[in-house]
Amino acid sequence: SPNKSVGPQVHYTITGIDAGAGIMASTQKVLPAYGLKQENWQLQASSTAAMCSQLQKSIKYKQPIVITAWQPHWMFKKYPIKFLKDPKNVYGKSEKIDTVARKGFAKENPGAYKFFKQFHWNSDMMSDIMYKNFKGENPQKTAREFIKDHPKQVKEWTKGVPDGHGKQVRMTYVTWDDAIASTNVTSQILKDKGYNVTTSAMEAQPAWSSIARGSADVTTSAWLPVTSGPLYKKFKNKVEIVTTNCPGAKVGLAVPKYMKNVNSIEDLRN
Ligand code: PBE
(Lines give C-alpha, C1' and ligand atoms only; values in the text may rest on other atoms or scores of the structure.)
Protein backbone atom coordinates (compact mmCIF):
# COMPACT_ATOMS: atom_id res chain seq x y z
CA SER A 1 0.00 0.00 0.00
CA PRO A 2 1.26 3.51 -0.73
CA ASN A 3 1.24 4.58 2.92
CA LYS A 4 3.42 1.79 4.15
CA SER A 5 7.17 1.99 3.72
CA VAL A 6 8.96 -0.70 1.76
CA GLY A 7 11.34 -1.92 4.48
CA PRO A 8 8.87 -3.80 6.68
CA GLN A 9 7.01 -5.13 3.64
CA VAL A 10 10.11 -6.92 2.38
CA HIS A 11 11.54 -7.62 5.85
CA TYR A 12 14.34 -5.14 5.11
CA THR A 13 15.77 -7.64 2.67
CA ILE A 14 17.36 -7.26 -0.74
CA THR A 15 17.24 -10.58 -2.57
CA GLY A 16 20.67 -11.11 -4.13
CA ILE A 17 22.69 -13.74 -6.00
CA ASP A 18 25.90 -15.70 -5.33
CA ALA A 19 28.24 -14.12 -2.79
CA GLY A 20 31.19 -13.92 -5.20
CA ALA A 21 29.39 -11.64 -7.66
CA GLY A 22 30.55 -8.07 -8.07
CA ILE A 23 26.97 -6.87 -7.78
CA MET A 24 26.90 -8.26 -4.23
CA ALA A 25 30.03 -6.30 -3.25
CA SER A 26 28.56 -3.14 -4.80
CA THR A 27 25.28 -3.68 -2.96
CA GLN A 28 27.17 -3.98 0.34
CA LYS A 29 28.37 -0.44 -0.38
CA VAL A 30 24.85 0.70 -1.27
CA LEU A 31 23.52 -0.15 2.19
CA PRO A 32 25.58 2.44 4.12
CA ALA A 33 25.65 4.92 1.21
CA TYR A 34 21.85 5.26 1.23
CA GLY A 35 21.37 4.96 4.99
CA LEU A 36 19.84 1.50 4.71
CA LYS A 37 22.36 -0.01 7.06
CA GLN A 38 20.95 1.96 9.99
CA GLU A 39 17.54 0.52 9.24
CA ASN A 40 19.07 -2.95 9.36
CA TRP A 41 18.51 -3.76 5.73
CA GLN A 42 20.34 -6.89 4.70
CA LEU A 43 21.49 -8.42 1.48
CA GLN A 44 20.46 -12.02 1.13
CA ALA A 45 22.79 -14.20 -0.95
CA SER A 46 21.37 -16.98 -3.12
CA SER A 47 21.85 -17.61 -6.85
CA THR A 48 20.51 -16.04 -10.02
CA ALA A 49 18.05 -18.92 -10.41
CA ALA A 50 16.82 -18.72 -6.80
CA MET A 51 16.51 -14.94 -6.97
CA CYS A 52 14.50 -15.14 -10.18
CA SER A 53 12.19 -17.80 -8.79
CA GLN A 54 11.52 -15.63 -5.73
CA LEU A 55 10.86 -12.72 -8.05
CA GLN A 56 8.48 -14.84 -10.09
CA LYS A 57 6.59 -15.83 -6.95
CA SER A 58 6.34 -12.23 -5.75
CA ILE A 59 5.04 -11.11 -9.13
CA LYS A 60 2.45 -13.87 -9.16
CA TYR A 61 0.98 -12.55 -5.89
CA LYS A 62 1.81 -8.88 -6.54
CA GLN A 63 4.00 -8.79 -3.45
CA PRO A 64 6.84 -6.28 -3.06
CA ILE A 65 10.41 -7.48 -3.56
CA VAL A 66 13.77 -5.77 -4.07
CA ILE A 67 16.35 -7.65 -6.14
CA THR A 68 19.87 -7.17 -7.46
CA ALA A 69 19.57 -6.77 -11.22
CA TRP A 70 21.76 -6.30 -14.27
CA GLN A 71 21.55 -5.90 -17.99
CA PRO A 72 22.14 -7.51 -20.44
CA HIS A 73 20.04 -10.31 -18.94
CA TRP A 74 16.77 -12.01 -19.81
CA MET A 75 15.12 -11.00 -16.52
CA PHE A 76 14.10 -7.66 -18.06
CA LYS A 77 12.48 -9.49 -20.93
CA LYS A 78 10.66 -12.01 -18.78
CA TYR A 79 9.52 -9.94 -15.80
CA PRO A 80 7.85 -6.51 -15.51
CA ILE A 81 10.64 -4.93 -13.46
CA LYS A 82 12.38 -1.56 -13.38
CA PHE A 83 15.81 -0.41 -12.22
CA LEU A 84 15.84 1.93 -9.23
CA LYS A 85 17.67 5.19 -9.76
CA ASP A 86 21.09 5.30 -8.15
CA PRO A 87 21.73 9.04 -7.71
CA LYS A 88 24.97 8.37 -5.82
CA ASN A 89 26.26 6.17 -8.66
CA VAL A 90 27.38 3.43 -6.31
CA TYR A 91 26.87 0.88 -9.11
CA GLY A 92 28.75 3.12 -11.52
CA LYS A 93 27.66 5.59 -14.12
CA SER A 94 28.29 3.61 -17.27
CA GLU A 95 29.13 -0.04 -16.94
CA LYS A 96 30.38 -2.18 -19.82
CA ILE A 97 31.57 -5.71 -20.46
CA ASP A 98 35.26 -5.99 -21.26
CA THR A 99 37.50 -8.70 -22.62
CA VAL A 100 40.49 -9.25 -20.35
CA ALA A 101 43.61 -11.28 -21.19
CA ARG A 102 46.81 -12.22 -19.44
CA LYS A 103 49.81 -10.05 -20.21
CA GLY A 104 51.78 -11.80 -22.89
CA PHE A 105 48.77 -13.29 -24.67
CA ALA A 106 48.99 -10.74 -27.51
CA LYS A 107 52.61 -11.60 -28.17
CA GLU A 108 52.25 -15.35 -27.85
CA ASN A 109 48.99 -15.78 -29.72
CA PRO A 110 48.56 -12.74 -31.99
CA GLY A 111 45.95 -14.50 -34.14
CA ALA A 112 43.51 -15.26 -31.34
CA TYR A 113 44.31 -11.89 -29.74
CA LYS A 114 43.31 -10.15 -32.97
CA PHE A 115 39.97 -11.93 -32.89
CA PHE A 116 39.28 -10.83 -29.31
CA LYS A 117 40.36 -7.28 -30.15
CA GLN A 118 37.73 -7.27 -32.93
CA PHE A 119 34.92 -8.98 -31.03
CA HIS A 120 32.23 -6.36 -30.33
CA TRP A 121 28.52 -6.92 -29.96
CA ASN A 122 25.63 -5.42 -28.03
CA SER A 123 23.11 -5.95 -25.29
CA ASP A 124 20.27 -6.98 -27.65
CA MET A 125 22.31 -9.70 -29.32
CA MET A 126 23.38 -11.04 -25.95
CA SER A 127 19.91 -10.92 -24.42
CA ASP A 128 18.45 -12.94 -27.29
CA ILE A 129 20.95 -15.73 -26.75
CA MET A 130 20.54 -15.60 -22.98
CA TYR A 131 16.78 -15.82 -23.23
CA LYS A 132 17.00 -18.90 -25.46
CA ASN A 133 19.43 -20.53 -23.04
CA PHE A 134 17.13 -19.67 -20.16
CA LYS A 135 14.25 -21.38 -21.95
CA GLY A 136 16.30 -24.54 -21.97
CA GLU A 137 18.14 -24.49 -25.28
CA ASN A 138 21.68 -25.79 -25.33
CA PRO A 139 24.18 -22.87 -25.10
CA GLN A 140 26.46 -24.46 -27.70
CA LYS A 141 23.54 -24.81 -30.04
CA THR A 142 22.32 -21.23 -29.54
CA ALA A 143 25.89 -19.99 -30.10
CA ARG A 144 26.07 -21.92 -33.35
CA GLU A 145 22.71 -20.52 -34.45
CA PHE A 146 23.86 -17.02 -33.59
CA ILE A 147 26.99 -17.49 -35.70
CA LYS A 148 24.90 -18.74 -38.60
CA ASP A 149 22.48 -15.81 -38.30
CA HIS A 150 25.17 -13.10 -38.04
CA PRO A 151 27.61 -13.70 -40.90
CA LYS A 152 28.40 -10.00 -41.24
CA GLN A 153 29.48 -9.65 -37.62
CA VAL A 154 31.46 -12.89 -37.63
CA LYS A 155 33.26 -11.73 -40.76
CA GLU A 156 34.25 -8.47 -39.06
CA TRP A 157 35.42 -10.24 -35.94
CA THR A 158 37.55 -12.73 -37.85
CA LYS A 159 38.91 -10.27 -40.42
CA GLY A 160 42.62 -10.90 -40.80
CA VAL A 161 42.60 -13.60 -38.13
CA PRO A 162 44.88 -16.39 -39.32
CA ASP A 163 44.04 -20.07 -39.08
CA GLY A 164 44.88 -21.39 -35.62
CA HIS A 165 46.53 -24.64 -36.74
CA GLY A 166 45.54 -26.17 -33.42
CA LYS A 167 47.00 -23.40 -31.28
CA GLN A 168 45.60 -23.40 -27.76
CA VAL A 169 43.31 -20.72 -26.31
CA ARG A 170 42.25 -21.14 -22.68
CA MET A 171 39.14 -19.19 -21.74
CA THR A 172 37.73 -18.80 -18.24
CA TYR A 173 34.27 -17.68 -17.24
CA VAL A 174 31.81 -17.70 -14.36
CA THR A 175 28.55 -19.48 -15.09
CA TRP A 176 26.53 -16.27 -15.30
CA ASP A 177 24.21 -16.12 -18.29
CA ASP A 178 26.08 -13.36 -20.11
CA ALA A 179 29.40 -15.16 -19.73
CA ILE A 180 27.91 -18.46 -20.90
CA ALA A 181 26.63 -16.68 -24.02
CA SER A 182 29.83 -14.79 -24.90
CA THR A 183 32.15 -17.69 -24.07
CA ASN A 184 30.20 -20.09 -26.26
CA VAL A 185 30.00 -17.69 -29.20
CA THR A 186 33.68 -16.68 -29.15
CA SER A 187 35.06 -20.16 -28.47
CA GLN A 188 32.96 -21.61 -31.27
CA ILE A 189 34.18 -19.04 -33.80
CA LEU A 190 37.80 -19.63 -32.81
CA LYS A 191 37.30 -23.39 -33.08
CA ASP A 192 35.91 -22.87 -36.58
CA LYS A 193 39.12 -20.96 -37.29
CA GLY A 194 41.24 -23.91 -36.25
CA TYR A 195 42.11 -22.96 -32.67
CA ASN A 196 42.04 -25.49 -29.87
CA VAL A 197 39.84 -23.68 -27.35
CA THR A 198 39.21 -24.81 -23.79
CA THR A 199 36.57 -23.11 -21.63
CA SER A 200 36.80 -23.45 -17.85
CA ALA A 201 33.96 -22.41 -15.57
CA MET A 202 35.18 -21.05 -12.24
CA GLU A 203 34.24 -18.71 -9.43
CA ALA A 204 35.03 -15.07 -10.17
CA GLN A 205 38.15 -14.84 -8.00
CA PRO A 206 39.87 -17.97 -9.43
CA ALA A 207 38.85 -16.96 -12.96
CA TRP A 208 40.73 -13.68 -12.58
CA SER A 209 43.68 -15.15 -10.70
CA SER A 210 44.19 -17.88 -13.29
CA ILE A 211 44.43 -15.22 -16.00
CA ALA A 212 46.81 -13.19 -13.83
CA ARG A 213 48.93 -16.31 -13.18
CA GLY A 214 48.93 -17.21 -16.85
CA SER A 215 47.20 -20.56 -16.42
CA ALA A 216 44.35 -19.11 -18.50
CA ASP A 217 44.50 -16.68 -21.42
CA VAL A 218 41.33 -14.68 -21.65
CA THR A 219 37.79 -13.97 -20.48
CA THR A 220 35.01 -12.08 -22.26
CA SER A 221 33.00 -11.28 -19.14
CA ALA A 222 34.67 -8.59 -17.05
CA TRP A 223 32.06 -6.05 -15.96
CA LEU A 224 33.95 -2.77 -15.56
CA PRO A 225 34.76 -0.31 -14.21
CA VAL A 226 32.71 -1.05 -11.08
CA THR A 227 31.23 -4.55 -10.87
CA SER A 228 34.43 -6.55 -11.44
CA GLY A 229 36.44 -3.52 -10.32
CA PRO A 230 37.79 -4.99 -7.06
CA LEU A 231 39.15 -8.02 -8.96
CA TYR A 232 40.59 -5.86 -11.71
CA LYS A 233 42.34 -3.69 -9.12
CA LYS A 234 43.78 -6.73 -7.44
CA PHE A 235 45.26 -8.18 -10.65
CA LYS A 236 45.71 -5.14 -12.85
CA ASN A 237 49.49 -5.43 -13.14
CA LYS A 238 49.17 -8.90 -14.61
CA VAL A 239 46.21 -8.52 -16.94
CA GLU A 240 45.35 -6.42 -19.94
CA ILE A 241 41.98 -4.99 -20.90
CA VAL A 242 41.77 -6.02 -24.56
CA THR A 243 38.61 -4.13 -25.50
CA THR A 244 35.03 -3.39 -24.49
CA ASN A 245 33.01 -6.16 -26.14
CA CYS A 246 29.59 -4.92 -25.02
CA PRO A 247 28.83 -1.30 -24.10
CA GLY A 248 25.74 -0.12 -22.25
CA ALA A 249 25.62 -2.65 -19.44
CA LYS A 250 23.85 -1.71 -16.24
CA VAL A 251 23.93 -2.95 -12.66
CA GLY A 252 21.69 -2.01 -9.76
CA LEU A 253 18.62 -2.76 -7.72
CA ALA A 254 15.23 -3.44 -9.31
CA VAL A 255 11.64 -3.86 -8.19
CA PRO A 256 8.44 -4.95 -9.95
CA LYS A 257 6.80 -2.12 -11.90
CA TYR A 258 3.67 -2.31 -9.71
CA MET A 259 5.74 -0.83 -6.86
CA LYS A 260 4.77 2.57 -8.22
CA ASN A 261 6.12 4.69 -5.37
CA VAL A 262 9.57 3.16 -5.42
CA ASN A 263 11.71 4.59 -8.20
CA SER A 264 15.02 5.35 -6.54
CA ILE A 265 17.17 3.52 -4.02
CA GLU A 266 16.45 6.56 -1.83
CA ASP A 267 12.76 5.55 -1.79
CA LEU A 268 13.60 2.35 0.10
CA ARG A 269 14.24 4.37 3.20
CA ASN A 270 11.53 6.09 5.17
N1 PBE B 1 26.73 -10.09 -12.86
C2 PBE B 1 26.68 -10.63 -14.20
C3 PBE B 1 28.12 -10.37 -12.48
C4 PBE B 1 28.93 -10.10 -13.68
C5 PBE B 1 28.04 -10.60 -14.73
C6 PBE B 1 26.44 -8.65 -12.95
C7 PBE B 1 25.82 -10.78 -12.02
C8 PBE B 1 28.65 -9.74 -11.20
O9 PBE B 1 29.83 -9.84 -10.93
O10 PBE B 1 27.87 -9.16 -10.45
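Provided above is the structure to which this section pertains.
Below you will find a few notes about this structure.

Reading the values: the criteria
- Residues numbered from 1 in each chain as written.
- Predicted model: local features only at pLDDT ≥ 70, side-chain atom pairs only at ≥ 80, totals over all residues.
- Heavy atoms only, no water.
- Helix = DSSP H or I, 4+ residues; strand = E, 2+ residues; numbered from the N terminus.
- Polar contact = N/O pair within 3.5 Å; in protein donor to acceptor, adjacent residues only side chain to side chain.
- Contact = heavy atoms within 4.5 Å.
- Salt bridge = Lys/Arg side-chain N within 4 Å of Asp/Glu carboxyl O.
- Buried < 20%, exposed > 50% of the residue type's maximum accessible area, 1.4 Å probe, protein only.
- Axes fitted to C-alpha atoms, helices over the stretch in contact; angles between N-to-C directions.
- Parallel < 35°, antiparallel > 145°, perpendicular 65-115°, else oblique.
- Left-handed = near helix turned anticlockwise from the far one by under 90°.
- Near = heavy atom within 4 Å.
- Areas by Shrake-Rupley, 256 points an atom, 1.4 Å probe, with all protein chains shown as cover.
- Nonpolar A, V, L, I, M, F, W, Y, C, P; charged D, E, K, R; others polar.
- Domains from an automatic or database assignment.
- Pairing = 2+ DSSP bridges.
- Core = buried A, V, L, I, M, F, W, Y, C linked by side-chain atoms within 4.5 Å.

### Side note on the side chain of S221
Okay, step 1: Positionally, S221 belongs in strand β8 (residues 218-224).
Okay, step 2: Side-chain polar atoms of S221 contact the side chain of T219, separated by 3.1 Å.
Okay, step 3: Not counting chain neighbours up to four residues away, the residues in contact with S221 comprise I97, D98, Y173, D178 and A179.

### A closer look at the pattern of salt bridges
Okay, step 1: Under the counting rule described, the total for this entry stands at 7 salt bridges.
Okay, step 2: The closest approach of N and O atoms between R102 and D217, which form a salt bridge, is 2.7 Å. Here the residue R102 occupies a position in strand β5 (residues 95-102), and D217 occupies one in the loop between α11 (204-213) and β8, the gap between them amounting to 115 residues.
Okay, step 3: Two residues, E137 and K141, come together in a salt bridge whose shortest N-O distance is 3.8 Å.
Okay, step 4: By relative accessible area, which is 28% here, E137 ends up partly exposed.

### Considering the packing of helix α6 (residues 110-118) against helix α10 (residues 177-192)
Okay, step 1: One can describe the packing of α6 onto α10 by two numbers: an axis separation of 11 Å at closest approach and a directional angle of 140 degrees. The angle between α6 and α10 falls in the class oblique. Between α6 and α10 the crossing geometry is right-handed. The residues of α10 that touch α6, namely those facing A112, F115 and F116, are T186, I189 and L190.

### A word on the site of the ligand
Okay, step 1: In the vicinity of the ligand, the contacting residues are I17, A21, G22, I23, W70, W176, D178, W223 and T227.
Okay, step 2: G22 places a main-chain nitrogen or oxygen 2.7 Å from an oxygen atom of the ligand.
Okay, step 3: One of the backbone nitrogen or oxygen atoms of I23 is found 2.8 Å away from an oxygen atom of the ligand.
Okay, step 4: Relative to its unbound accessible surface of 280 Å², the ligand loses 98% to contact with the protein.
Okay, step 5: Partitioned by chemical class, the residues of the shell around the ligand number 6 nonpolar, 2 polar and 1 charged.
Okay, step 6: Residue assignment places the shell around the ligand across two domains, with domain 1 (6-91 + 251-268) and domain 2 (95-249) each supplying three or more.

### Considerations on unusual backbone geometry
Okay, step 1: The omega torsion of the bond from Q71 to P72 falls at 5 degrees, within 30 degrees of zero and hence cis.
Okay, step 2: Examined against the element boundaries, P72 turns out to sit in the loop between β3 (67-71) and α4 (75-78).
Okay, step 3: Positive phi, normally seen in glycine, also occurs at Y12, with a value near 50 degrees.
Okay, step 4: By the secondary structure assignment, Y12 is in the loop between α1 (6-9) and β1 (13-15).
Okay, step 5: Given the relative accessible area of 30%, Y12 is considered partly exposed.

### What to know about the pairing of β5
Okay, step 1: Across the 8 residues of β5, 7 count as buried, placing the element largely inside the fold.
Okay, step 2: Summarising the sheet, β5 and strand β9 (residues 239-256) pair through 7 bridges and their orientation is antiparallel. Across the sheet, residue R102 finds its bridge partner in β9, namely V239.
Okay, step 3: Inspection of the sheet shows β5 paired to β8 by 5 bridges, in the antiparallel sense. Paired with K96 across the bridge in β8 is L224.

### Description of the nonpolar core
Okay, step 1: Residues M75, W121, V169 and L268 are the most contacted members of the largest nonpolar core, which totals 86 residues.
Okay, step 2: A per-element tally of this core places β9 first, with 8 residues.
Okay, step 3: No fewer than three residues from each of domain 1 (6-91 + 251-268) and domain 2 (95-249) sit in this core.
Okay, step 4: Beyond its immediate chain neighbours, meaning those up to four positions away, L268 contacts V6, G7, L36, E39, W41, V66, L84, L253 and V262.

### Side note on the environment of A106
Okay, step 1: Mapped onto the elements, A106 comes out in helix α5 (residues 105-108).
Okay, step 2: On the basis of relative accessible area, A106 is assigned to the partly exposed category, the value being 26%.
Okay, step 3: Excluding anything up to four places from it in sequence, A106 contacts Y113 and E240.

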